[in-house]
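Listed below are the residues making up each chain.
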Amino acid sequence: MIADAVLAEKWRAARPPMAGVHVDSAACSRQSFAVLDATAQHARHEAEVGGYVAALAAVPALDAGRAAIATLTGLSDVAFTTSAQHSLDLLLGAWTGQRTVACVPGEFGPNLAVMAAHDFGVRALPVDDDGRVRVDDLTSFLRAERPALVHLTGVPSHRGIAQPVRDIARLCDDVGVPLVLDAAQALGQLDCAVGASAVYSTSRKWMAGPRGVGFVAVRPDFAERLARRVPPAEWGVALSVLQSFEYVEANIAARLGFSVALGEHLAAGPEVVRAALVAVGRATRERLDSVAGWRVVEAPEDPTAITTLIPPDGLDPAAVRTALIAEHGVVTTAAEIARAPFELTTPVLRVAPHVDVSAQDLDHVADALLSVSARQTS
Ligand SMILES: *Cc1c(COP(=O)(O)O)cnc(C)c1O
């Protein structure tokens, strides 16, 4: 094993055996037996007692899930959503302040689309060559530009760097600009209890919960600057903004499964998991750099488990990804330019193993990449 052997064994034994080699946790991790059982049992309970009766019975388990999110974000006002993107849509839709936001030039393309849909003017935060926020220049930038919000993607989707989230949160607080943290990739990989005004994320990535569920958590002073949209704020309905974010007609089984996955993460120890993922990132980059001319973007020590590879001339990551799955059972992601339209200049192949990856798995990925690259070049 690459990382903590005890953790790796436990993680692997806790879920069904994988078909091939799954190194795609930045897209969708593999769920555990406990998560799968919780979702299946809830669906069955709905058939037995009725969906709304079953939902009532699930309340304590969902509250435990919210408590886990509160622990991981340091924010106790939590709502379940259907995804990270849905969370951002809800937050920006409810924002009552000026519609200006600052984010990094490498911001996730779909987030930029949500900002545009809500008529936000977007400014670029000062960053270094890798796309990390230049903390030393942040305060003067915020004082000069005065964006109403800073939106930060803690770990991007297209590159395995980590933003200095704690420093950024402190500086935003000093200047009085709320920080909204996109923790879709950061949750599990970085400590996200850093004092942000709002944190949102998704279940299926590093938490290894089901698809179709996410959350948003907010600080009370930030919640006060949000207005309920549905039903309209001026209607005298006793429903907080956060409560209004939670669709009644949600997939409760998915929320339950996510709550179980969060409990498993806390039981494993978030610090232990983070350290293991850093070791996984380092080993993956070392093993894959220069294989068949693919070039690793990250530094070995970037503290994430995401490795991105720039293709050699003539190879298309999307076609390589398809062949890796079809011919070698290796599951990766091809990140197209639209994922970070103002930073990516070429599509990349993303390899994102979880804590259970072994040296043999990485050898298998390297051999598969070599074989597919050789054939697609010729
Ligand atoms: C995956 C991802 C999202 C979107 O998450 P969904 O749950 O698919 O809505 C947002 N930001 C980043 C950085 C992501 O990687």
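The structure we're discussing is the one just above.
The following paragraphs examine the structure supplied in this document.

Conventions adopted
- Residues numbered from 1 in each chain as written.
- Predicted model: local features only at pLDDT ≥ 70, side-chain atom pairs only at ≥ 80, totals over all residues.
- Heavy atoms only, no water.
- Near = heavy atom within 4 Å.
- Polar contact = N/O pair within 3.5 Å; in protein donor to acceptor, adjacent residues only side chain to side chain.
- Areas by Shrake-Rupley, 256 points an atom, 1.4 Å probe, with all protein chains shown as cover.
- Nonpolar A, V, L, I, M, F, W, Y, C, P; charged D, E, K, R; others polar.
- Phe/Tyr/Trp six-rings, centres within 6.5 Å; stacked < 30°, edge-to-face > 60°.
- Helix = DSSP H or I, 4+ residues; strand = E, 2+ residues; numbered from the N terminus.
- Buried < 20%, exposed > 50% of the residue type's maximum accessible area, 1.4 Å probe, protein only.
- Expected span 1.5 Å × (residues − 1).
- Arc of directions from axis to C-beta.
- Contact = heavy atoms within 4.5 Å.
- Pairing = 2+ DSSP bridges.
- Salt bridge = Lys/Arg side-chain N within 4 Å of Asp/Glu carboxyl O.

A word on the site of the ligand
Inspection of the region around the ligand gives 13 residues, with Q85, D182, T202, R204 and K205 positioned closest. Between the ligand and S83 there is a distance of 3.1 Å, counted from an oxygen atom to a side-chain nitrogen or oxygen. Between the ligand and D182 there is a distance of 2.6 Å, counted from a nitrogen atom to a side-chain nitrogen or oxygen. Expressed as a share of its isolated accessible area of 380 Å², the protein-covered part of the ligand is 90%. When the residues that make up the shell around the ligand are grouped by side-chain class, the tally is four nonpolar, six polar and three charged.

Regarding the packing of aromatic side chains
With the rule as written, the count across this model stands at three aromatic pairs. Seen in terms of ring centroids, W95 and F222 are 5.5 Å apart; in terms of plane orientation they differ by 20 degrees. Their pairing is stacked. Here W95 is found in the loop between α5 (84-94) and β3 (100-103), whereas its partner F222 is found in helix α9 (residues 220-223), with 127 residues between them in sequence. Here the two residues W95 and F222 agree in accessibility, since each one is buried. Aromatic side chains F215 and F258 sit 6.3 Å apart centroid to centroid with 20 degrees between the ring planes, which places their arrangement in the stacked category. Note that F215 is positioned in strand β8 (residues 214-218) and F258 in helix α11 (residues 252-268), a separation of 43 residues in sequence. Each of the two residues, F215 as well as F258, counts as buried.

Topic: helix α13 (residues 317-328)
The first and last C-alpha atoms of α13 sit 15 Å apart over 12 residues, in line with the 16 Å expected at 1.5 Å per residue. Listing the buried residues of α13 in full gives P317, V320, A323 and L324. For α13, the angular spread of buried residues about the axis comes to 120 degrees, placing them on one side. Considering only its buried residues, α13 is in contact with β11 (330-331), β12 (333-335), β13 (348-351) and α14 (359-377). In the segment just after α13, G329 is the residue with positive phi, at about 65 degrees.

Points about the side chain of Q163
Looking at where Q163 falls in the secondary structure, it is placed in the loop between β5 (149-153) and α8 (165-175). Here the side chain of Q163 touches V133 through a polar contact of 2.8 Å, landing on its backbone nitrogen. When residues no more than four places from it in sequence are discounted, the contact partners of Q163 are V104, G131, R132, V133, L152, T153, G154, I168 and L190.

Quick notes on the pairing of strand β7 (residues 198-202)
The buried fraction of β7 is high, at five of five residues. Residues A198, Y200 and T202 of β7 are buried on one face, and the alternating residues V199 and S201, pointing to the opposite face, are buried as well. With three bridges joining them, strand β6 (residues 179-182) and β7 adopt parallel strand pairing. Counterpart to D182 in the pairing with β7 is Y200. Note: β7 against β8, five bridges, orientation antiparallel. In the sheet register, T202 faces β8, and the bridge partner there is G214.

Looking at the pattern of salt bridges
Considering all chains together, one arrives at 19 salt bridges under this definition. The closest approach of N and O atoms between E48 and R44, which form a salt bridge, is 2.9 Å. Taken together, the residues E48 and R44, both in helix α2 (residues 33-49) and four residues apart, mark about one turn of the helix. Side by side, E48 and R44 carry an identical accessibility label, which is exposed. The shortest N-O distance in the salt bridge between E246 and R66 comes to 2.9 Å. Of the two residues, E246 sits in the loop between α10 (241-245) and α11 while R66 sits in helix α4 (residues 59-73), which places them 180 residues apart along the sequence. With respect to class, E246 is no different from R66; both count as buried.

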